[in-house]
Amino acid sequence: MLTSGGDAPGMNAAVRAVVRMGIKSGFHVIGIERGYAGLLENEMRDMHLRSVSDILQRGGTVLYSARCPEFKEEWNIARAKEICEGAGIEALVTIGGDGTFRGALELTRRGLPCIGVPGTIDNDIAASQYTVGFDTAINTVVQMVDRVRDTSQSHDRCSVIEVMGRHSGHIALYAGIACGALAILVPEIPFNLERDVITKMVATLRTGKQHFIVMLAEGVGSAVDIAEKIESLTGIETQPVVLGHVQRGGSPTALERVVASAMGHHAVELIAEGKSGRVVVQRDGRVTDLPIEEALSMSKTIDMDLYRIAGDISI
Ligand code: ADP
Ligand code: F6P
């Protein structure tokens with residue numbers, strides 16, 4: 001098993017479930033450190049029942065994570081397959097995002113059965129309604145923005161909050177609604193600052209609103225630039241807050257731990273059934289699975305109903 005790409009709270013719960021269920025199912029479980037980079041360097045350790053004690057509540061990943069661009073090269077995938085064969089690895093659970101699943105698909109095609117588990121705070125895996133890390137990340141954002149709101153309110157200011165999401169606005173949308181943001185800017189939907197932010201601010205000023213939260217996903221632009229424009233166009237003191245990696249850490253929420261445990265458990269069930277090249281997903285509230293190719297061919301769009309709700313009530 002390995003964790004790859006950006007880490008996410010709850011990855012440890014998934015790792016724990018894979019180890020415990022793996023051992024229960026009669027497998028010998030090996031943890032590969034630092035994702036595909038560690039696999040190419042043979043960084044492996046045996047995992048036992050007690051190797052995963054006391055990690056359920058910890059953020060990050062005890063297996064470490066990494067990005068490994070060279071894993072896209074054919075000869076490295078062939079080498080990884082050989083390294084796994086040499087170590088007696090007969091199946092691999094890969095916990096990460098869609099890039100991680102592409103690597104898993106390549107390995108599966110070369111004869112190493114892989115099962116993917118969605119782990120990314122971005123919640124941008126189209127095949128799954130939920131990815132491990134999302135709930136904790138949005139709760140962290142909400143806690144931080146509540147603090148910003150206290151001081152923003154005391155000083156009649158506007159705060160522009162930049163959250164993670166280079167290509168996806170799920171964190172911005174969910175946290176934006178939960179924080180009562182006046183405007184939510186996401187990469188999936190083109191925006192016009194004048195129409196979507198300034199006009200709304202001016203209209204709400206007339207109804208007595210005195211402080212504002214604007215939420216934007218990093219893929220849309222920089223909070224610093226947008227704050228400058230808002231201040232110059234409205235005259236309202238506006239400050240940028242870039243939350244950064246604080247969003248990726250912290251103790252996973254209860255929901256996170258439960259879903260990650262169920263997903264890790266299901267990954268091992270699939271291996272025990274001799275399945276390969278599948279991704280564990282959550283659909284209609286149930287943990288299930290589908291082929292990696294199918295999962296990768298889907299593209300996730302933003303929840304337009306939620307986006308509309310946000311627009312209708314932040315007035
Ligand atoms: P995530 O898995 O969170 O989306 P990345 O997109 O960075 O994060 O992918 C994680 C890792 O998956 C990459 O660093 C690389 O090692 C591997 N990967 C990504 N794309 C491919 C690909 N097309 N083929 C093989 N491996 C890939
Ligand atoms: O894990 C996904 C993500 O958080 C994206 O939202 C963000 O763009 C990216 O990772 C940043 O990761 P890093 O700083 O590790 O490159």
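Residues numbered from 1 in each chain as written. Chains lettered and ligands numbered in written order. Predicted model: local features only at pLDDT ≥ 70, side-chain atom pairs only at ≥ 80, totals over all residues. Heavy atoms only, no water.

**Q** Please clarify how the overall build of the protein should be interpreted in this entry.
**A** When helices and strands are counted, the protein shows eleven helices and eleven strands. Taken over C-alpha atoms, the radius of gyration comes to 21 Å for the protein, in line with the 20 Å a tight globule of 315 residues would show. The dimensions of the protein, computed from C-alpha atoms along their principal axes, are 70 × 35 × 35 Å. By the burial criterion, 51% of the 315 residues in the protein qualify as buried. Taking all contacts inside the protein whose residues are at least 6 apart in sequence as the whole, residues at least 24 apart take part in 72%. Accessible surface for the protein amounts to roughly 13900 Å². Of this, 49% is attributable to carbon and sulfur atoms. (Helix = DSSP H or I, 4+ residues; strand = E, 2+ residues; numbered from the N terminus. Rg over C-alpha atoms; globule rule 2.2 N^0.38 Å. Buried < 20%, exposed > 50% of the residue type's maximum accessible area, 1.4 Å probe, protein only. Contact = heavy atoms within 4.5 Å. Areas by Shrake-Rupley, 256 points an atom, 1.4 Å probe, with all protein chains shown as cover.)

**Q** Which parts of the structure should I look at to understand the site of ligand 1?
**A** Among the 14 residues in the neighbourhood of ligand 1, the closest are listed as R67, C68, G97, G99 and T100. Between ligand 1 and the protein, one listed contact pairs an oxygen atom with a backbone N or O atom of C68 at 2.6 Å. Protein contacts shield 82% of the accessible area of ligand 1, which totals 540 Å² for the unbound molecule. Ranked by residues supplied to the shell around ligand 1, first place goes to helix α4 (residues 98–109) with five residues. For the shell around ligand 1, the class distribution of residues is three nonpolar, seven polar and four charged. (Near = heavy atom within 4 Å. Polar contact = N/O pair within 3.5 Å; in protein donor to acceptor, adjacent residues only side chain to side chain. Nonpolar A, V, L, I, M, F, W, Y, C, P; charged D, E, K, R; others polar.)

**Q** Could you clarify how one ought to interpret the sheet that holds strand β11 (residues 286–291) in this entry?
**A** Across a sheet, strands are paired by hydrogen bonds formed along the backbone, either parallel or antiparallel in direction. The strand order β1-β4-β5-β10-β11 describes an open sheet built from five strands, whose pairing is mixed. At either end of the open sheet lies a strand with only one pairing partner, and these are β1 (2–3) and β11. In terms of strand pairing, β1 meets strand β4 (residues 92–96) through two bridges, oriented parallel. Within the sheet, the bridge partner assigned to T3 lies in β4 and is I95. Together, β1 and β4 form the strand contacts of helix α1 (residues 11–24), whose direction differs from that of β4 by roughly 170°. Running at roughly 160° to β4, α4 makes contact with β4, β5 (114–118) and β10 (278–283) of the sheet. (Pairing = 2+ DSSP bridges. Axes fitted to C-alpha atoms, helices over the stretch in contact; angles between N-to-C directions.)

**Q** Explanation requested: the side chain of T253 in the structure shown.
**A** Topologically, T253 is positioned in the loop between β9 (238–242) and α9 (254–272). Residue classification places T253 among the buried positions, given a relative accessible area of 17%. A distance of 3.2 Å separates a polar side-chain atom of T253 from the backbone nitrogen of E256. Excluding its chain neighbours within four sequence positions, the residues that come into contact with T253 are D135, T136 and N139.

**Q** When you look at the site of ligand 2 in this model, what are you seeing that I'm missing?
**A** As a structural note, the neighbourhood of ligand 2 is formed by G6, R67, I121, D122, M164, G165, R166, E218, H245 and R248. The side chain of R248 places a nitrogen or oxygen atom 2.8 Å from an oxygen atom of ligand 2. Contact with the protein chains hides 81% of the accessible area of ligand 2, taken as 400 Å² for the molecule alone.

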